[in-house]
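Listed below, chain by chain, are the residues.
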Amino acid sequence: MTEGAPGNTACSAPASIAAMITLHYLPGAASFAVHGLLRELGTPFTLQLVDRANDGHKLPAYLKLNPNGLIPVLVDGDLVLYETAAILLHLADTHPAAGLAPPLGSAERAHCYKWMFWLSNTLQATLIHYFYPERWVDAGNAEGTAQVKAHAEARVVALLQQIDDQLARHGGPWLLGADYSATDPLAFMLCRWTRNFGSRPARQFQHIGRYLQRMLARPALQQVFAAEQLPPPLV
């Protein structure tokens, strides 16, 4: 889930302008989706690297921002916010002109919420079992660890089918349909996390594969790969 580690970076703002938004991030981690949305918005922001390799996520200063010690954290003026889905929705709400979420109160907005929380609470949660299977078995239980990982991968593949079905059903280019939304960088990120699956990574699904290529063509996402010094995309 994580890769290389560039230093702190100020983005999308002249030197004379102090960015109000700071994203605490780790390359390739869950902060990737937020980084992608910030690039789409073109709003000034600063990247603050969390050096997880040296337990930077466990330092008292970081735990004051997020007591769970997880990445990302967004600091927007006086607001400190964690949980990726919450950050994405906050950015969509505070930049309404960008049109990154359907109108409040609409059925389309309700489906936006549904997919945002499904991606976070169902797909991402299952992927965590895949990447950290040892958390769910006793220490030293190699067989149990392998079983958890295998079952999690199988479950993720079944969940990916729901995304493929969604794309096939509406026929639009993006997860919600015709319009790019705050759900898309999250969906892309989670699909990317499956790139090393031994069974069926997301890119092998007919409609997801095309969707991922459309995502990769977006300049904002290309900027994220460059800024986070990630290797050439394999999705």
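Before reading further, recall that the structure is shown in the block above.
These notes cover the structure that comes with them. This structure is a prediction, so every number in the text was calculated from the model and none was measured.

1. Examining the environment of Ala97
Part 1 of the argument: Its location among the elements puts Ala97 in the loop between helix 3 (84–94) and helix 4 (107–131).
Part 2 of the argument: Between the alpha carbons of Ala97 and Leu41 there is a distance of 9.5 Å; along the sequence they are 56 residues apart.

2. A closer look at helix 3
Part 1 of the argument: Counting buried positions along helix 3 yields eight of eleven residues, so the element is predominantly enclosed.
Part 2 of the argument: Of the positions making up helix 3, those classed as buried are Thr84, Ala85, Ile87, Leu88, Leu89, His90, Leu91 and Ala92.

3. Side note on helix 5 (residues 142–170)
Part 1 of the argument: Helix length check: helix 5 (29 residues) gives 43 Å between terminal C-alpha atoms against 42 Å at 1.5 Å per residue, within 8%.
Part 2 of the argument: Looking at the buried positions of helix 5, the neighbouring elements they touch are helix 4, helix 6 (183–192) and helix 7 (206–216).

4. Describing the packing of aromatic side chains
Part 1 of the argument: If you walk through the whole model with that rule in mind, you get nine aromatic pairs.
Part 2 of the argument: Measuring from ring centre to ring centre gives 6.1 Å for Phe131 and Trp193, while their planes differ by 85 degrees; the resulting arrangement is edge-to-face. Remark: Trp193 occurs in the loop between helix 6 and helix 7 and Phe131 occurs in helix 4; sequence separation between them is 62 residues.
Part 3 of the argument: Ring geometry for Trp174 against Tyr211: centres 6.4 Å apart, planes inclined by 70 degrees, an arrangement best described as edge-to-face. With Trp174 in the loop between helix 5 and helix 6 and Tyr211 in helix 7, the pair connects residues that are 37 residues apart, well separated along the chain. For the pair Trp174 and Tyr211, one class covers both residues: buried.
Part 4 of the argument: Three or more aromatic residues joined by ring pairs make a cluster, and in this case those are Tyr130, Phe131, Trp193 and Phe197.

5. Examining a nonpolar patch on the surface
Part 1 of the argument: Taken together, the side chains of Leu104, Tyr113 and Phe117 present a nonpolar region at the surface, about 310 Å² in accessible area.
Part 2 of the argument: Looking at the element boundaries, Phe117 is found in helix 4.
Part 3 of the argument: Given a relative accessible area of 40%, Phe117 falls into the partly exposed group.

6. Observations regarding the pattern of salt bridges
Part 1 of the argument: Under the counting rule described, the total for this entry stands at two salt bridges.
Part 2 of the argument: With its nearest N and O atoms 2.7 Å apart, the salt bridge here joins Glu40 to Arg218. Taken together, the residues span a long stretch of sequence, with Glu40 in helix 1 (residues 31–41) and Arg218 in the loop between helix 7 and helix 8 (219–227) at a distance of 178 residues.
Part 3 of the argument: A salt bridge links Arg109 to Asp93; its shortest N-O distance comes to 2.4 Å. Residue Arg109 is located in helix 4, and its partner Asp93 is located in helix 3; the two are separated by 16 residues in the primary sequence.
Part 4 of the argument: A residue is classified by how much of its surface remains accessible, and Arg109, at 5% relative accessible area, is buried.

What counts as what
- Residues numbered from 1 in each chain as written.
- Predicted model: local features only at pLDDT ≥ 70, side-chain atom pairs only at ≥ 80, totals over all residues.
- Heavy atoms only, no water.
- Helix = DSSP H or I, 4+ residues; strand = E, 2+ residues; numbered from the N terminus.
- Buried < 20%, exposed > 50% of the residue type's maximum accessible area, 1.4 Å probe, protein only.
- Expected span 1.5 Å × (residues − 1).
- Contact = heavy atoms within 4.5 Å.
- Phe/Tyr/Trp six-rings, centres within 6.5 Å; stacked < 30°, edge-to-face > 60°.
- Patch = residues over 30% accessible without salt bridge, like charges linked within 9 Å, V, L, I, M, F, W, Y side chains within 5 Å.
- Areas by Shrake-Rupley, 256 points an atom, 1.4 Å probe, with all protein chains shown as cover.
- Salt bridge = Lys/Arg side-chain N within 4 Å of Asp/Glu carboxyl O.

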